[in-house]
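The lines below spell out each chain.
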Amino acid sequence: MSHLFSPYALGPLELANRIAIAPMCQYSANDGLAADWHMIHYGHLALSGAGLLILEATAISPEGRISPADLGLWSDAHQQALAPIVQAIRRHSPIKLAVQLAHAGRKASSAPPFEGGQALPPGQGGWQTVAPSALPHAATDPAPLALDAAGLAKVKADFVSAALRVHALGIEAIELHAAHGYLLHQFLSPLANQRSDQYGGALENRMRFPLEVFDAVRAALPREVAIGVRVSASDWVDGGWDIEQSVALAHRLQQRGADFIHVSSGGVSPLQQIPLGPGYQIQFAQRIKAETGMPTIGVGLITEPLHAEAIVASGQADMVGLARAMLYNPRWPWHAAAALGAQVAAPPQYWRSQPRELKNLFGDTRLGQR
């Protein structure tokens, strides 16, 4: 039996297989409201046969958006805009859903990548950003405001409010975004966090605010909602956040009841030097899984079914997350199941597409026609 297509659980969340569709920003919302594009995009991916679909980085507040076009979940109107998409997926797919909740911190107020990705100053579509310290992401960026006690309390409350809206939508899981140089990662990394209070300096202090956010969200939701964290296991910069600190964070999250950890890397500094290649981040997932036993999703240029199978079969990660590979080939799980001799869920409207030589690819299908 294929390991990649064996069932797995992220805490209370039972999944049909070990394939997760990783979050991918679409930069297609209107004032944070989900739109037609999200119905098409997520409806398409929901039919892929993957076990889990994690919605893109979803801002907990207007100032927490990466760009003016980011998806948001900071009001009842945002919840209502997302509801028809969730309901449509429920009608036509067995895939489980999660939302990645995020605050961009000093990397907020940016143009979408396909519009250049540059920092947008106030008055040109942008806004004043906030961060652990008044340090810009790049030397030419506007400086953020360092969060004070009231600002920290607001961020924490915004995460909880957005998490409650996720639960009200009937979505099974939440991923807190503490990776890719966004706000929670900024607190973790000494490259972005130069505070002198209880939230800066030593490792325990730099972990404090992200852990407080996790604790607040976990306490606000029933246990049947799975909650995990996306981390960047290395800044790829000397003196930055690294795998040893990531292991320490994973232990703290495990003690607090985190159901999974999703292991990526980079994003906090333009000085990063990343050695790209297939599976280049799996070493980090493997280390965290080995030292904590925590359910672990590994990512990083995983494009081939045999590679994904080997990662799970060897215990490097419990699941694999695919992003760009899924955009390029939204039926990747179908082709992977075919290559690995496994079965995968497909909507009955598509059963006729099953290749003649793969009689059981879609399971027990029954077709008749006059």
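A brief report on the enclosed structure follows. Keep in mind the model is a prediction, meaning the values are calculated, not measured. (Residues numbered from 1 in each chain as written. Predicted model: local features only at pLDDT ≥ 70, side-chain atom pairs only at ≥ 80, totals over all residues. Heavy atoms only, no water.)

Our focus in this paragraph is the nonpolar core. In this structure, Leu53, Leu101 and Leu176 are the most contacted members of the largest nonpolar core, which totals 92 residues. Considering every element that reaches this core, the biggest residue donor is helix H3 (residues 149–168), with seven residues. Leu13, Leu15, Leu52 and Ile54 belong to the second-largest nonpolar core, a separate cluster that totals 13 residues. (Core = buried A, V, L, I, M, F, W, Y, C linked by side-chain atoms within 4.5 Å. Buried < 20%, exposed > 50% of the residue type's maximum accessible area, 1.4 Å probe, protein only. Helix = DSSP H or I, 4+ residues; strand = E, 2+ residues; numbered from the N terminus.)

Remark: a regular strand shows side chains that alternate across the two faces of the sheet. With respect to burial, strand E8 (residues 173–178) is a largely interior element, six of its six residues being buried. Burial of E8 is two-sided: the residues Ala173, Glu175 and His177 facing one way and the residues Ile174, Leu176 and Ala178 facing the other way are all buried. Pairing geometry for strand E5 (residues 96–102) and E8, over four bridges, is parallel. Bridge pairing links Ala98 to Ala173 in E8. Pairing analysis gives six bridges linking E8 to strand E9 (residues 226–232), with the strands arranged parallel. Directly across from Ile174, in E9, lies its bridge partner Ile227. (Pairing = 2+ DSSP bridges.)

Attention now moves to helix H8 (residues 305–313). Taken together, the buried positions of H8 are occupied by Pro305, Ala308, Glu309, Ile311 and Val312. Around the axis of H8, the buried residues are gathered within 160 degrees of arc, so they sit on the same side. Those residues of H8 that are buried lie in contact with helix H7 (282–292), strand E12 (319–322) and helix H10 (332–340). Just downstream of H8 lies Gly315, where phi reads positive at about 80 degrees. (Arc of directions from axis to C-beta. Contact = heavy atoms within 4.5 Å.)

Tallying each qualifying case throughout the model produces six aromatic pairs. Taking 4.8 Å as the distance between ring centres and 40 degrees as the angle between the ring planes, the aromatic pair formed by Phe187 and Phe209 counts as tilted. Of the two residues, Phe187 is situated in helix H4 (residues 183–188) and Phe209 in helix H5 (residues 203–220); the sequence distance between them amounts to 22 residues. A single burial state applies to Phe187 and to Phe209, both of which are buried. Between Tyr199 and Phe209, the ring centres sit 5.9 Å apart and the planes meet at 90 degrees, which makes this aromatic pair edge-to-face. Residue Tyr199 is found in the loop between H4 and H5, and its partner Phe209 is found in helix H5; the two are separated by ten residues along the sequence. When sorted by exposure, Tyr199 lands in the same class as Phe209, which is buried. Taken together, the aromatic side chains of Phe187, Tyr199 and Phe209 make up a single cluster linked through ring pairs. The ring centre of Trp127 lies 4.8 Å from the NZ or CZ of Arg65, which sits over that ring. (Phe/Tyr/Trp six-rings, centres within 6.5 Å; stacked < 30°, edge-to-face > 60°. Lys NZ or Arg CZ within 6 Å of the ring centre and 35° of its normal.)

Across the interface, helix H1 (residues 36–46) lies against helix H2 (residues 76–92) with an axial gap of 10 Å and an inter-helix angle of 25 degrees. Here H2 runs roughly parallel to H1, going by the angle between their axes. Our pair here, H1 against H2, has a crossing hand that is right-handed. Touching His38, Met39, Tyr42 and Ala46 of H1 are Pro84, Ile85, Ala88 and Ile89, all from H2. (Axes fitted to C-alpha atoms, helices over the stretch in contact; angles between N-to-C directions. Parallel < 35°, antiparallel > 145°, perpendicular 65-115°, else oblique. Left-handed = near helix turned anticlockwise from the far one by under 90°.)

Here the focus is the pairing of E12. Alternating residues of E12 divide into Met319 and Gly321 and Val320 and Leu322, and every residue in both groups is buried. For strand E3 (residues 19–21) and E12, the ladder comprises three bridges, and the chain directions are parallel. Along E12, the bridge assignment pairs Ile19 with Val320. Pairing of strand E11 (residues 296–298) with E12, which is carried by two bridges, proceeds in the parallel orientation. Looking at E12, one finds that Ile297 is bridged to Met319. In this region the chain leaves E11, passes through H8 and returns to the parallel neighbour E12; the handedness of that crossover is right-handed. (Right-handed = clockwise from strand over helix to strand, strands pointing away.)

This part is about the environment of Arg106. By the element assignment, Arg106 lies in the loop between E5 and strand E6 (130–131). Judged by relative accessible area, which is 8%, Arg106 ranks as buried. It is 9.1 Å that separates the C-alpha atoms of Arg106 and Ala192, two residues lying 86 residues apart in sequence. Setting aside its immediate chain neighbours within four residues, Arg106 contacts Thr129, Val130, Ala131, Leu135, Pro136, His137, Pro144, Gln186, Leu191, Ala192 and Val268.

Right, let's get into the environment of Glu212. Take Glu212: it is sitting in helix H5. Its relative accessible area of 23% is what places Glu212 among the partly exposed residues. For Glu212 and Trp37, which are 175 residues apart along the polypeptide, the C-alpha to C-alpha distance reads 34 Å. A distance of 3.0 Å separates the side chain of Glu212 from the side chain of Lys156, its partner in a polar contact. (Polar contact = N/O pair within 3.5 Å; in protein donor to acceptor, adjacent residues only side chain to side chain.)

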